[in-house]
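In case you want the letters, here they are:
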Amino acid sequence: MIEELKQIGCESLEAISELESLESLEQFRVSVLGKKGKLSTLLKGMGKLSAEERPKVGQVANEWKNKIEAALGAHKEKLEVAALEQKILNEKIDVTLPSLKSYTGTLHPLTQATRQIVQSLSRLGFDVTTGPEIETEYLNFDSVNIPETHPAREMQDTFFMGEGVVLRTHTSPVQMRTMRSQSFPLRILCPGAVYRADNDATHSPFFHQIEGLWVDHGIRMSDLKGTLLFFAKETFGSETEIRLRPSFFPFVEPGVEVDVTCPFCASGSGKGKGPCKVCKDTGWIEILGAGMVHPELFKHAGYDDPKISGFAFGIGIERISMLLNGIPDLRLFYRGDVRFLNQF
Ligand code: FA5
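The structure contained in this document is the topic of the report that follows. (Residues numbered from 1 in each chain as written. Predicted model: local features only at pLDDT ≥ 70, side-chain atom pairs only at ≥ 80, totals over all residues. Heavy atoms only, no water.)

What follows covers the overall build of the protein. Summing up its helical and strand segments, the protein has twelve helices and ten strands in all. Relative to its length of 344 residues, the protein is extended, with a C-alpha radius of gyration of 42 Å against a globular reference of 20 Å. Across its three principal directions, the C-alpha atoms of the protein cover 130 × 50 × 35 Å. Residues counted as buried form 40% of the 344 residues belonging to the protein. If you sum the accessible surface of the protein, you get close to 19900 Å²; carbon and sulfur atoms cover 54% of it. Here the protein carries 39 positive and 45 negative side-chain charges, and the mean point of each set is 3 Å from the other. (Helix = DSSP H or I, 4+ residues; strand = E, 2+ residues; numbered from the N terminus. Rg over C-alpha atoms; globule rule 2.2 N^0.38 Å. Buried < 20%, exposed > 50% of the residue type's maximum accessible area, 1.4 Å probe, protein only. Areas by Shrake-Rupley, 256 points an atom, 1.4 Å probe, with all protein chains shown as cover. Lys, Arg positive; Asp, Glu negative; His and termini not counted. Charge placed at Lys NZ, Arg CZ, Asp CG, Glu CD.)

Laid out in structure tokens, this is it:
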């Protein structure tokens, strides 16, 4: 048996040095030292040996087992080093390759339009102020002269939150918040998000407005007209003209809708040269609502002065950005599609 042990040992030591992978090394270890391996199978015959022979054979078997294990360990280390070197070679970084392109974000077109409008009107002395998007029914409606039974409440399809709270349907409540907390003269712009249960290519349930308010002694309709003409020329170009059409908003009296000459097909006179999909050959495009502040609002604001007057206007920001950038569908603003956003 000692001879057989020696043969298994010598053959194993020779075979180990020729193994080329960690997998074949493990297979070989199991085939020699495993429970059903050559060595264990041979040693099962030890029971038949005499009591004298048994410890001698056991000692020799242990010596070979240790030698084989040491050889396996040493060879395993060699193979691991070789595998690591190969891995490093395969993963070599080619520093001459062009680098990955890094993308720089841009301001959202609605942010750009808001900033452009604020920047131009701040040159007339308007300051920016903001208010909450979750608003009381009182400030959104009652305080701006839209009482509970007034049909104008129906016109602004409202998201009611319950207990006298709504998602604000316009930025006009910020006028009232500011008047109630500050005394006049006031010259403010209130940009922000508003909500209405509306949804198509030109109406979104979530959109943005900029409210303008100027309150002082002796503010007249001509001040409103001058301010809006300045805004129109700054926004759409110096050739732009405006026209005011009578309209109704409960919070102003008189109220107007304001059109600008179509920046795509008209100049000065407002005569469209057509064919123009934007103004439908009329030469005019409606961009905002405005008017002289209704005296009821001054009562709600606590302004008790007979000489006080003011004007207000409300601009839809999506509308302005669509016109400035030729955007056909306002839902594009909210999809977060970088192919669209990268163009601005
Ligand atoms: C108002 O919201 C008034 N508060 C504006 C105002 C302020 C008038 C001060 C007078 C004095 P209107 O509902 O028309 O008015 O909305 C103003 C603008 O918001 C519209 O001209 C339009 O550009 C935009 N708008 C209205 N509804 C939507 C909508 N669902 N999606 C996108 N834009 C909208």
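Moving on to helix H4 (residues 53-90). The first and last C-alpha atoms of H4 sit 55 Å apart over 38 residues, in line with the 56 Å expected at 1.5 Å per residue. Every buried residue of H4 is accounted for by Val57, Gly58, Val60, Ala61, Trp64, Ile68, Leu72, His75 and Leu79. (Expected span 1.5 Å × (residues − 1).)

Our focus in this paragraph is the sheet that holds strand E4 (residues 165-167). An order of E2-E4-E3 is seen for the three strands of this open sheet, with the pairing classed as antiparallel. Among the strands making up the open sheet, the edge pair consists of strand E2 (134-136) and strand E3 (160-162). Averaged over all neighbouring strand pairs, the angle between strand axes comes to 35°, with direction disregarded. Across two bridges, E3 lies against E4 in antiparallel orientation. Bridging across to E4, Phe160 finds its partner in Val166. (Pairing = 2+ DSSP bridges. Axes fitted to C-alpha atoms, helices over the stretch in contact; angles between N-to-C directions.)

Attention shifts here to the pairing of strand E6 (residues 206-217). Counting buried positions over the twelve residues of E6 gives nine, a clear majority of the element. Inspection of the sheet shows strand E5 (residues 186-195) paired to E6 by ten bridges, in the antiparallel sense. Pairing of Leu189 across the sheet is with Gly212, part of E6. As paired elements, E6 and strand E10 (residues 308-316) share nine bridges and run antiparallel to each other. Paired with Glu211 across the strands is Gly314, a residue of E10.

With an omega of 0°, the peptide bond between Phe184 and Pro185 qualifies as cis. Along the chain, Pro185 turns up in the loop between helix H8 (172-181) and E5. In this structure, Pro254 follows Glu253 across a cis peptide bond, with omega equal to -5°. Mapped onto the elements, Pro254 comes out in strand E8 (residues 252-261). The phi dihedral of Lys280 is positive, around 50°, even though this residue is not glycine.

Moving on, we come to the side chain of Ser172. The residue Ser172 is located in helix H8 in this model. Here Ser172 is in contact with Val144, Glu211 and Phe251, once residues within four sequence places are set aside. (Contact = heavy atoms within 4.5 Å.)

Turning to the side chain of Asn145, a few remarks are in order. Looking at where Asn145 falls in the secondary structure, it is placed in the loop between helix H6 (137-140) and helix H7 (152-155). Side-chain polar atoms of Asn145 contact the backbone oxygen of Pro250, separated by 2.9 Å. Setting aside its immediate chain neighbours within four residues, Asn145 contacts Pro250, Phe251, His294, Glu296 and Leu297. (Polar contact = N/O pair within 3.5 Å; in protein donor to acceptor, adjacent residues only side chain to side chain.)

Below, the discussion takes up the site of the ligand. Around the ligand, a shell composed of 21 residues is seen, among which His170, Ser172, Arg196, Ser204 and Gln209 lie nearest. When the free accessible area of the ligand is taken as 670 Å², the share hidden by the protein chains comes to 90%. Breaking the shell around the ligand down by element, the ones donating at least two residues are E6, strand E9 (284-293) and E10. For the shell around the ligand, the per-class residue count stands at eight nonpolar, nine polar and four charged. (Near = heavy atom within 4 Å. Nonpolar A, V, L, I, M, F, W, Y, C, P; charged D, E, K, R; others polar.)

With that settled, consider the packing of aromatic side chains. Summed over all chains, the structure comprises twelve aromatic pairs. With a centroid separation of 6.2 Å and 20° between ring planes, the pair formed by Phe298 and Tyr303 is classed as stacked. The class for Phe298 is buried, based on a relative accessible area of 6%. Relative to Phe313, the ring of Phe311 lies with its centre 6.3 Å away and its plane at 25°, an arrangement referred to as stacked. Here the aromatic cluster, defined as three or more aromatic residues joined through ring pairs, consists of Tyr195, Phe206, Phe333, Tyr334, Phe340 and Phe344. Cation over ring: Lys67 sits above Trp64, and NZ or CZ is 4.3 Å from the ring centre. (Phe/Tyr/Trp six-rings, centres within 6.5 Å; stacked < 30°, edge-to-face > 60°. Lys NZ or Arg CZ within 6 Å of the ring centre and 35° of its normal.)

Here we come to the sheet that holds E10. Ordered by their spatial adjacency, seven strands build an open sheet running E1-E5-E6-E10-E9-E8-E7, and the pairing between neighbours is mixed. Lying at the two open borders of the sheet, with one neighbouring strand each, are strand E1 (127-128) and strand E7 (242-247). Set on the sheet, H8 makes contact with E5, E6 and E10; between it and E5 the angle comes to about 140°.

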